Structure formats: structure tokens, C-alpha cells
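Take a look at the letters that make up each chain.
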Amino acid sequence: MGDSLITVVAIFLAAILMFVFPLMSLAERTDDVSQLAVQTATTELVDRVRTTGKLTLTDYDAFVSELASTGNTFDIEILIQELDENPGVKTTQAEATKIGENLYYNKYTTQVLDELDTKGRKILKEGDIITVTVKNTNQTISQMLRNFFYMISGNDSYQIVGQHSGVVSVNGSTSER
């Protein structure tokens, strides 16, 4: 009786070592590749906006398509901080680019997407700041396996995230290029 119990336990452990751990490792590598693709796409989008001074609907759609190619679903947050052209009447300084005197107002994802839908582009000027944050909303295979084996649970946990921000370095042109 004791030998058969040990044999069953040994077979069970061997199955875990031969199948589950390699599956977990493969799933982790898949998430790593998706993480790299998301971070690269996010960085490229922000850098394109920084160097051209505009966010176009075509650029945004290409970004969303590139994210979808990873096989995951994502929550995309865009924050554009626009430099106020008239920081204040009481300012006696003629130069508005000094540190501490710049005022920004924020435009969030829904406002930016509304402008992209109506105008097809969002024009930015030098000094504006753009921040893009991407988080996966689905559970990947590695998250499911980890939750099963380690009893980690939570709906707010995400595995794949990409974030990049930067200051726009040129004034965007209103003409199509």
C-alpha cells in the first residue's frame, strides 16, 4: 500500500515537473515578448508625436492595430498637457518659457479621441507634454497559471504595461503631410 502511494505521488510530481513548469515558462516568455512589443509601440507613437507636433487618426489606428497583434486587449490612456499661451496677466516677465511660470491644462483620452474623430488630427505646439500609458485588460495564460498555483487573485493585476512621455519639440503643422 505504501509503495503504491509513493508511486502515485512520484508520478504526479513528475507530471508537474515535465508539463506545468515548462508551460509556465513558455507563457512567461510570451508575456515578455508582448511586453516588449507594447513598450516599443508606445515609445514609437510618443516619439512620432514629439517630433511632428501632431497626433493623427492614422497614427493612432496603427498603434491600436500593433497592440492588437499581440493577442491581448488593452486600456489606452492618453494625457496631453497643453502649454497655456497666456500664463497670466500679472506676469511681468516677457519670456513664458522660464521654469515655474508655465501653466498647463490637461486633455484626457476621451477628449483627445473626440478631437481625432472630428478633425482627424490633434495639433500640438512646442512645449506641450504627451503621456501614453497602456495596460492589458485580459488575463494572459501566465497570469491564469500563476493565479492557480500561487493563489494570487485580483482583478487589478496586469502583466503587460507600456508607458512613455515626452515634451513636444516642434510646432505641429495644420497642413496635411
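First, a word on what this report is: a plain description of the structure on this page. Bear in mind that the values here come from a model prediction, so they are computed numbers and not experimental data. (Residues numbered from 1 in each chain as written. Predicted model: local features only at pLDDT ≥ 70, side-chain atom pairs only at ≥ 80, totals over all residues. Heavy atoms only, no water.)

### Some words on the overall build of the protein chain
Where we set the bar: A run of DSSP states H or I qualifies as a helix once it reaches four residues; a run of E qualifies as a strand once it reaches two. Both are numbered from the N-terminal end. Summary of the burial criterion: residues with accessible area below 20% of their type's maximum are buried, those above 50% are exposed, and those between are partly exposed, where the area comes from a 1.4 Å probe applied to protein chains only. When checking whether two residues touch, look at their non-hydrogen atoms; a contact exists if any pair is within 4.5 Å. Per-residue and other accessible areas follow the Shrake-Rupley method at a 1.4 Å probe size, with only the shown protein chains counted as cover for residues.
Scanning the protein chain for helices and strands turns up four helices and six strands. Secondary structure elements of the protein chain, listed N to C terminal, follow the sequence α-β-α-β-β-α-β-β-α-β. The burial tally for the protein chain puts 31% of its 177 residues in the buried class. The contacts of the protein chain with a sequence gap of at least 6 include a subset with a gap of at least 24, amounting to 79%. For the protein chain, the exposed area adds up to about 11,300 Å²; of that, 59% sits on carbon and sulfur atoms.

### Observations regarding a nonpolar patch on the surface
The following threshold applies: Patch membership is restricted to residues that have no salt bridge and whose relative accessible area is over 30%. Joining uses 9 Å for like charges and 5 Å for the nonpolar side chains Val, Leu, Ile, Met, Phe, Trp and Tyr. For this document, the term salt bridge refers to a Lys or Arg side-chain nitrogen within 4 Å of an Asp or Glu carboxyl oxygen.
Taken together, the side chains of Leu-5, Val-9, Phe-12 and Leu-13 define a hydrophobic patch exposed on the protein surface, amounting to about 410 Å² of accessible area. For Val-9, the location among the structural elements is in helix H1 (residues 2–52). Look at Val-9 and you get partly exposed, because its relative accessible area is 41%.

### What to know about the side chain of Asp-31
The line we're drawing: When charges are counted, neither His nor the chain ends are considered; positive counts come from Lys and Arg and negative counts from Asp and Glu. Any pair of N or O atoms that falls within 3.5 Å is considered a polar contact. Within protein, one atom must be able to donate a hydrogen and the other to accept it, and sequence-neighbouring residues count only if both atoms are side-chain atoms.
Looking at the secondary structure, you find Asp-31 in helix H1. Put simply, Asp-31 is tucked away with no salt bridge, and the nearest opposite charge, on Arg-146, sits 4.8 Å away. At 2.9 Å, the side chain of Asp-31 and the side chain of Thr-140 are in polar contact.

### Side note on the layout of surface pockets
Cut-off, in case you're wondering: Residues are said to line a cavity or pocket when one of their atoms sits within 4 Å of a point; the points come from a 1 Å grid over protein atoms alone, cavities being sets where a 1.4 Å probe fits but cannot get out and pockets being open sets with protein on both sides within 12 Å along at least five of seven lines. Grid points are joined across faces, edges and corners, and a volume is the space filled by probe spheres set on the points. In this count, Pro and Cys sit with the nonpolar residues alongside Ala, Val, Leu, Ile, Met, Phe, Trp and Tyr, while Asp, Glu, Lys and Arg are called charged and the others, Gly among them, polar.
For the second largest pocket, the calculated volume is near 160 Å³. Counting residues per element, the ones that place at least two in the lining of the second largest pocket are H1 and helix H4 (141–150). Sorting elements by how many residues they give to the lining of the second largest pocket places H1 first, with six residues. Here the lining of the second largest pocket is built from residues that sort into four nonpolar, seven polar and one charged.

### A closer look at the environment of Leu-83
When you line up the elements, Leu-83 lands in strand E2 (residues 74–83). Judged by relative accessible area, which is 16%, Leu-83 ranks as buried. The spatial distance from the C-alpha of Leu-83 to the C-alpha of Tyr-104 is 4.6 Å, given a sequence separation of 21 residues. Those residues in contact with Leu-83, other than ones at most four positions away along the chain, are Asn-102, Leu-103, Tyr-104, Lys-125, Glu-126, Gly-127 and Asp-128.

### Things to note about the sheet that holds strand E6 (residues 161–167)
Counted only if it meets this: The pairing criterion for strands is at least two bridges between them, as found by DSSP. Axis definition: a line fitted to C-alpha atoms, limited for helices to the stretch in contact. Angles are taken between N-to-C directions and run from 0 to 180 degrees.
With antiparallel pairing, four strands are arranged side by side in an open sheet as E3-E2-E5-E6. Each end of this open sheet is capped by a strand with a single partner; those strands are strand E3 (104–107) and E6. For this sheet, the mean inter-axis angle between neighbouring strands, taken without regard to orientation, is 15 degrees. For strand E5 (residues 129–136) and E6, the ladder comprises seven bridges, and the chain directions are antiparallel. Of the residues in E6, the one forming a bridge with Val-134 is Gly-162.

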